[in-house]
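# Geometric and topological summary
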Amino acid sequence: MTSIVVTGLGAITPIGGDAAATWAAMLAGTSGAAVLNETWAADLPVRIAAPAAVDPSDVLDRVEARRMDRCGQFALIAAREAWAHTGSPDVDKTRLGVVVASGIGGLITTLSAYDTLRDKGPRRVSPLAIPMLMPNSAAGYVGIELGARAGVHTPVSACASGTEAIAYGTDMIRTGRADIVLAGGTEAAIHALPLAAFAAMKALSSRNDDPSAASRPWDVDRDGFLLGEGAAILVLESAEHAAGRGATAYAEILGAGMSSDAHHIAQPDPVGTGAATAMRLAVENAGLGLGDIAHVNAHATSTPLGDIGEAQAIRTVFGSTADDMCLTGSKSMIGHLLGAAGAVEALAVVLTLHERLVPPTINVDNLDPAIDLDIVTDGPRKLPGGDLAALNNSFGFGGHNIALVIRST
Amino acid sequence: MASEQEVQDGLADIVNEIAGVPQEDVTPGKSFTDDLDIDSLSMVEIVQACEDKFGVSIPDDQVKNLKTVGDAISYIANA
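Here the structure is a predicted model, which is why all the values come from computation and not from measurement.

## Some thoughts on the overall build of chain A
Scanning chain A from N- to C-terminus turns up 13 helices and 15 strands. For 409 residues, the compact-globule estimate of 2.2 N^0.38 gives 22 Å, and the C-alpha radius of gyration of chain A, at 20 Å, lies within 12% of that figure. Taken over the C-alpha atoms alone, chain A extends approximately 65 × 50 × 40 Å along its principal axes. Expressed as a percentage of the 409 residues in chain A, the buried residues total 58%. A separation threshold of at least 6 residues defines the contact pool for chain A, and within that pool the share at least 24 residues apart is 79%. Accessible surface, chain A as shown: approximately 14500 Å² in total, 53% of it carbon and sulfur. In chain A, which carries 27 positive and 43 negative side-chain charges, the distance between the mean positions of the two groups comes to 8 Å.

## Let's talk about the confidence of the model for chain B
Put simply, chain B has an average pLDDT of 95, and 99% of its residues get 70 or more. Two summary scores accompany this predicted model of the complex, namely pTM at 0.97 and ipTM at 0.92.

## Comments concerning the interface of chain B and chain A
On the side of chain A, 11 residues touch chain B, which itself brings 15 residues to the contact. Taking both sides of the interface into account, the surface hidden between chain B and chain A amounts to around 1100 Å²; carbon and sulfur atoms contribute 33%. By the criterion of area lost to chain A, the three top residues of chain B are Leu41(B), Glu45(B) and Gln48(B), representing 42% of everything that side buries. Linking Asp60(B) and Arg123(A) is a salt bridge whose minimum nitrogen-to-oxygen distance equals 3.4 Å. Linking chain B with chain A are 13 residue pairs in polar contact (both at pLDDT 80 or more), by the criterion used here. Elements that contribute at least two residues to the side of chain B that touches chain A include exactly α1 (4–19) and α2 (40–54) of chain B.

## Some words on the pairing of strand β1 (residues 4–12) of chain A
All names here are of chain A. Burial analysis of β1 places nine of its nine residues in the buried class, the great majority of the element. Both β1 and strand β8 (residues 251–260) contribute to a ladder of three bridges, which runs antiparallel. Each residue of the ladder has a partner; that of Val6, found in β8, is Ala251. The pairing of β1 with strand β7 (residues 230–238) spans eight bridges and is classified as antiparallel. If you follow Val6 over to β7, its bridge partner there is Leu236.

## Details of the sheet that holds strand β4 (residues 96–101) of chain A
All names here are of chain A. If you trace the 11 strands from one edge of the open sheet to the other, you get β5-β4-β6-β7-β1-β8-β15-β14-β9-β10-β12, paired in mixed fashion. The two strands at the open ends of the sheet, each matched to only one other strand, are β5 (152–153) and β12 (374–375). Set on the sheet, helix α6 (residues 137–146) makes contact with β4, β5 and β6 (180–187); between it and β4 the angle comes to about 155 degrees. Its contacts with the sheet place helix α13 (residues 341–355) against β1, β6, β7, β8, β9 (293–297), β14 (389–396) and β15 (400–407), and it is angled at close to 170 degrees to β14.

Analysis parameters
Residues numbered from 1 in each chain as written. Chains lettered and ligands numbered in written order. Predicted model: local features only at pLDDT ≥ 70, side-chain atom pairs only at ≥ 80, totals over all residues. Heavy atoms only, no water. Helix = DSSP H or I, 4+ residues; strand = E, 2+ residues; numbered from the N terminus. Rg over C-alpha atoms; globule rule 2.2 N^0.38 Å. Buried < 20%, exposed > 50% of the residue type's maximum accessible area, 1.4 Å probe, protein only. Contact = heavy atoms within 4.5 Å. Areas by Shrake-Rupley, 256 points an atom, 1.4 Å probe, with all protein chains shown as cover. Lys, Arg positive; Asp, Glu negative; His and termini not counted. Charge placed at Lys NZ, Arg CZ, Asp CG, Glu CD. pLDDT = per-residue confidence, 0-100. Buried area = accessible area lost by both parts, 1.4 Å probe. Salt bridge = Lys/Arg side-chain N within 4 Å of Asp/Glu carboxyl O. Polar contact = N/O pair within 3.5 Å; in protein donor to acceptor, adjacent residues only side chain to side chain. Pairing = 2+ DSSP bridges. Axes fitted to C-alpha atoms, helices over the stretch in contact; angles between N-to-C directions.

Written out as structure tokens, the structure reads:
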């Protein structure tokens, strides 16, 4: 079977304007949370979020930026970085693909276009509104930027979207459709409407007076997730193609597992059956045994139910071998980037395996006694040498469960 | 009523804002599509902005006649 390696990384996140800055901030245990001081946030029950560390309008050309929703802007910045990181190779564009996922798409554009319609009438609605708000807009712009002709795709599976994009991109190469695929996710939903709507679901932390402590996966006092924004893009490439051009392989995407809960549109299955199935299938698809998984970058959003369900699912799948795995929850620092979350976390796993360092989970002051797993909390943890494999979990509203197995190179 | 020079200056600002074309390149002889590389969506935006800035109405069936910067200047100045 074709081996798929990761040969380039790009990101813009709440804790860094690029992949290197994001990784350094993760190792340092940095929170990207902030109080929203904008007037539109004043009446919201939740007035905290994790905004991108760098404003995309400071990076992109002004005219280029005004034709894209903020989520497209994030994706383009991350894609350019990833492409440069892999050496901006001259490749057969008919064998170059793009998969950029989003949970919500161009929501901010949708809402501002509606404001224009209501306040100024239909003749003032921008002709760019549809190409900016459609969920596949970011993927389309990245595809145009790179001249990618093997296919441009946008999986939509809520908070599992970014992970699904990487699984889909891997399949594109495995099935012979492409040699290289830029895959990842993007999200830009820090706006009054989604904050009000997620708060109405009681999904968000309301720790307005202490934002950097709001996202606390597995801690006994967790009270919901912290909304983040940004994008991450990975360059996936067949190992043969990468070797042919002398590209560095940072890690290998070894397998993916997917399942669906068929339980509830927004609540996780309380015993994590679907999550367990996805993890088991991912390990099988990777051709590994349960004992080969050394590390899990967990979905761990800091919600009371979700964190427990995932932990139980891990124990169900791995049994006593789970005692030999260490877990981390990147959302403790970056918040929950929805459709970009899985992509940022996959990027973290790639660097974890490449650098042999697991970033910490911050804010675990009192580990929930229901969690019987080894959570990395106090600074980065060194991993041993040799072959190492790790799991990246993502779950989404709608009952989507996706797990990736990534291996060191 | 704005003079043709005032319209040209205002239109140049709009075209620069929307499409990034330098103001000094927005001159009467230039074709929006062939010379200034304005796509059809940006052309709609330019028309919307002109209606707001100059207080004129440019019906959809007139837009196709505005092929050059000069066409737009004379339409707006005489509207």
